[in-house]
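Letter by letter, the chains look like this.
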Amino acid sequence: MDQKPARHTVRWFLRTTGYAGVCLAPWGIFILAEHLHSQRLIRHEQAHWRQYERMGLLRYYVTYLWGLVRHGYADHPMEREARAAETDERLT
Ligand SMILES: [Zn+2]
């Protein structure tokens with residue numbers, strides 16, 4: 001999945017929450033324009049896209065939301081997986 005510059009509502013969401021990018025399956029990966037150069041961020045969001053492809057749409061969101069409640073953002077297993085992908089240059 002190619003990344004797209006975040007526009008309008010997605011850009012507002014990212015700026016409000018303080019994130020630079022988001023994987024909004026099934027629509028795509030959206031990244032703030034000033035972060036489109038970040039291979040690390042792109043690898044992170046692409047890892048989330050692979051999670052979506054692996055789990056399917058409903059399970060992806062349910063698992064993500066349940067994980068947030070259970071583990072919080074930093075310890076979320078799906079976030080740990082995505083963070084591990086950030087530095088894996090085989091994924092670019
Ligand atoms: Zn993430």
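Look a little higher up for the structure.
Bear in mind that the values here come from a model prediction, so they are computed numbers and not experimental data.

The next thing to look at is the nonpolar core. In this structure, Trp49 and Tyr60 are the most contacted members of the largest nonpolar core, which totals 13 residues. Secondary structure elements with two or more residues in this core: strand 3 (28-31), helix 2 (39-55) and helix 3 (57-71). With residues up to four places along the chain from it excluded, the contact list for tyrosine 60 reads Cys23, Ala25, His48, Gln51, Tyr52, Met55 and Met78. If you look at the next biggest cluster of nonpolar residues, it comprises 6 residues, including Val10, Leu14, Phe30 and Leu32.

Turning our eyes to something else, we now look at the packing of helix 2 against helix 4 (residues 77-86). Interaxial distance between helix 2 and helix 4 falls to 8 Å at its minimum, and their mutual angle equals 135°. Our classification of the angle between helix 2 and helix 4 gives oblique. The crossing of helix 2 and helix 4 is right-handed. Every residue of helix 4 that contacts helix 2 at Arg40, Arg43, His44, Ala47, His48, Arg50, Gln51, Arg54 and Met55 is listed here: Met78, Glu79, Glu81, Ala82, Arg83, Ala85 and Glu86.

A word on the pairing of strand 2 (residues 21-24). Taken together, the 4 bridges between strand 2 and strand 3 define a ladder with antiparallel strand orientation. Of the residues in strand 3, the one forming a bridge with glycine 21 is isoleucine 31. Linking strand 2 back to strand 3 in an antiparallel pair, the connection comprises 3 residues.

This next bit is on the coordination of the zinc ion. Ligation of the zinc ion by protein atoms is provided by His44 (NE2), His48 (NE2), Glu79 (OE) and Glu79 (OE), these donors lying 2.0 to 2.5 Å from the ion. Coordination at the zinc ion is irregular: its 4 donor atoms span angles of 55 to 151° at the metal. One chain supplies every donor for the zinc ion, spaced along it as H-x3-H-x30-E. Of the two residues, histidine 44 and histidine 48 are both situated in helix 2; the distance of 4 residues between them amounts to about one turn of the helix. Each member of the pair, histidine 44 as well as histidine 48, carries the same accessibility label: buried.

It is possible for side chains bearing opposite charge to pair when their charged atoms get close. Applying the stated criterion across every chain, the model contains 4 salt bridges. A salt bridge links arginine 15 to glutamate 34, with the shortest nitrogen-to-oxygen separation between them at 3.0 Å. Note that arginine 15 is positioned in helix 1 (residues 8-17) and glutamate 34 in the loop between strand 3 and helix 2, a separation of 19 residues in sequence. Exposure remark for arginine 15: the relative accessible area of 48% places this residue in the partly exposed category.

About the criteria used
- Residues numbered from 1 in each chain as written.
- Predicted model: local features only at pLDDT ≥ 70, side-chain atom pairs only at ≥ 80, totals over all residues.
- Heavy atoms only, no water.
- Core = buried A, V, L, I, M, F, W, Y, C linked by side-chain atoms within 4.5 Å.
- Buried < 20%, exposed > 50% of the residue type's maximum accessible area, 1.4 Å probe, protein only.
- Helix = DSSP H or I, 4+ residues; strand = E, 2+ residues; numbered from the N terminus.
- Contact = heavy atoms within 4.5 Å.
- Axes fitted to C-alpha atoms, helices over the stretch in contact; angles between N-to-C directions.
- Parallel < 35°, antiparallel > 145°, perpendicular 65-115°, else oblique.
- Left-handed = near helix turned anticlockwise from the far one by under 90°.
- Pairing = 2+ DSSP bridges.
- Donors = N, O, S within 2.8 Å, 3.2 Å for Na, K, Ca; no water.
- Tetrahedral: all angles 85-135°; square planar, octahedral: opposite > 155°, others 65-115°.
- Salt bridge = Lys/Arg side-chain N within 4 Å of Asp/Glu carboxyl O.

Honestly, it's all geometry; don't read function into it.
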